[in-house]
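These are the residues of each chain, in order.
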Amino acid sequence: MHRLSLTKQIRLGQQRMVTMQHRHRTMIVVRKFSTNSDRRRNATLELEDGTELRGISFGADTSVSGELVFSTGMVGYSEALTDPSYKGQLLMLTFPMVGNYGVPDPKKMDEFGLPAGFESYKIHASALVCQDYSYFHSHWNAKSPLSDWLANEGVPGIH
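Residues numbered from 1 in each chain as written. Predicted model: local features only at pLDDT ≥ 70, side-chain atom pairs only at ≥ 80, totals over all residues. Heavy atoms only, no water.

### Considerations on the overall build of the chain
The condition that has to hold: Put simply, DSSP marks the helices as runs of H or I at least four residues long and the strands as runs of E at least two long, and each gets a number from the N terminus on. Throughout, exposure labels follow a simple rule: accessible area from a 1.4 Å probe, protein chains only, divided by the maximum for the residue type, with under 20% read as buried, over 50% as exposed, and the rest as partly exposed. A contact between two residues is defined here by any heavy atoms of the two lying within 4.5 Å. Per-residue and other accessible areas follow the Shrake-Rupley method at a 1.4 Å probe size, with only the shown protein chains counted as cover for residues.
Counting its regular elements, the chain contains two helices and 14 strands. Burial analysis of the chain (159 residues in total) assigns 39% to the buried set. Across the chain, contacts joining residues at least 24 apart in sequence account for 59% of those joining residues at least 6 apart. Surface accessibility of the chain: about 9,400 Å² in total, with carbon and sulfur atoms responsible for 52%.

### Quick word on the environment of Glu 52
Note the following rule: Residues adjacent in sequence count toward polar contacts only when both atoms are side-chain atoms; beyond that, a polar contact is any pair of N or O atoms within 3.5 Å, and within protein one must be able to donate a hydrogen and the other to accept it.
Looking at the secondary structure, you find Glu 52 in strand 5 (residues 52–59). Setting aside residues no more than four positions away along its own chain, Glu 52 makes contact with Thr 44, Leu 45 and Glu 46. A distance of 3.4 Å separates polar atoms of two side chains, one belonging to Glu 52 and the other to Arg 54.

### Brief notes about the nonpolar core
Rules: Here, nonpolar core means buried Ala, Val, Leu, Ile, Met, Phe, Trp, Tyr and Cys residues that are tied together by side-chain atoms lying within 4.5 Å of each other.
Counting residues in hydrophobic clusters, the biggest one holds 20 residues, and the most contacted among them are Leu 81, Leu 91, Leu 128, Leu 146 and Leu 150. At the level of secondary structure, the elements contributing two or more residues to this core comprise helix 1 (77–81), strand 8 (90–93) and helix 2 (146–153). For Leu 146, the contacting residues outside a window of four places in its chain are Phe 58, Tyr 77, Leu 81, Val 98, Gly 99, Gly 102, Val 103, Leu 128 and Tyr 133.

### Some remarks on the environment of Phe 58
Structurally, Phe 58 is set in strand 5. Through-space distance from the C-alpha of Phe 58 to that of Ala 43 is 9.0 Å; in sequence the pair is 15 residues apart. Setting aside residues up to four positions removed in sequence, Phe 58 forms contacts with Arg 41, Leu 128, Cys 130, Tyr 133, Tyr 135, Leu 146, Ser 147, Leu 150, Pro 156, Gly 157, Ile 158 and His 159.

### A closer look at the environment of Lys 107
Relative to the helices and strands, Lys 107 resides in the loop between strand 10 (103–104) and strand 11 (127–129). The exposure class assigned to Lys 107 is exposed, which follows from its relative accessible area of 71%. For the pair Lys 107 and Tyr 121, spaced 14 residues apart in sequence, the C-alpha separation works out to 9.1 Å.

### Quick word on the pairing of strand 8
A regular strand places its side chains on the two faces of the sheet in alternate fashion. Note the threshold: For two strands to be treated as a pair, DSSP must find at least two bridges joining them.
As paired strands, strand 7 (residues 68–71) and strand 8 are joined by four bridges and run parallel to one another. Pairing of Phe 70 across the sheet is with Met 92, part of strand 8. Where strand 8 meets strand 11, three bridges bridge the pair, whose relative direction is parallel. Within strand 11, the position partnered with Leu 91 by the bridge is Leu 128.

### Topic: helix 2
One turn of an α-helix holds 3.6 residues; hence residues three or four places apart share an orientation. Stated precisely, the cut-off is as follows: Arc, as used here, means the arc of the directions from the helix axis to the C-beta atoms.
For helix 2, the complete set of buried residues consists of Leu 146, Ser 147, Trp 149 and Leu 150. Around the axis of helix 2, the buried residues are gathered within 160° of arc, so they sit on the same side. Gly 154 sits one or two positions beyond helix 2 and adopts a positive phi of about 75°.

So this is what it looks like as structure tokens:
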């Protein structure tokens, strides 16, 4: 682990920007050698104070570090992950279940020529943290499971 220094701009209301310094050492560590009984990879969320939270990895088979932030939104993990404001951050979703409706086709464009169901053309968050991940999705608009999309984009997840 290493200590990173990040300058983050936070929007206050609609008018003012404030710059804050953050020092963090939060990591998601995917332990390739450790699997549980159903062949899923174990993972650990390591906080700067030494706290280790164990979970199951999904998505990319890689370790990352960054600032852990959360989103209280109840819709759209595909929108949240592709939101440029989460660039380089470990995104924690407070909605209890993630992955149950899969991911729409990223090549499908809306009337403005932007990817439909996404905020941009790629995932900007460095990792995804959630309480419960659904390994099976069911939605008429789903093109792929969330874990496949994360793996293709090189982004790990932990639940």
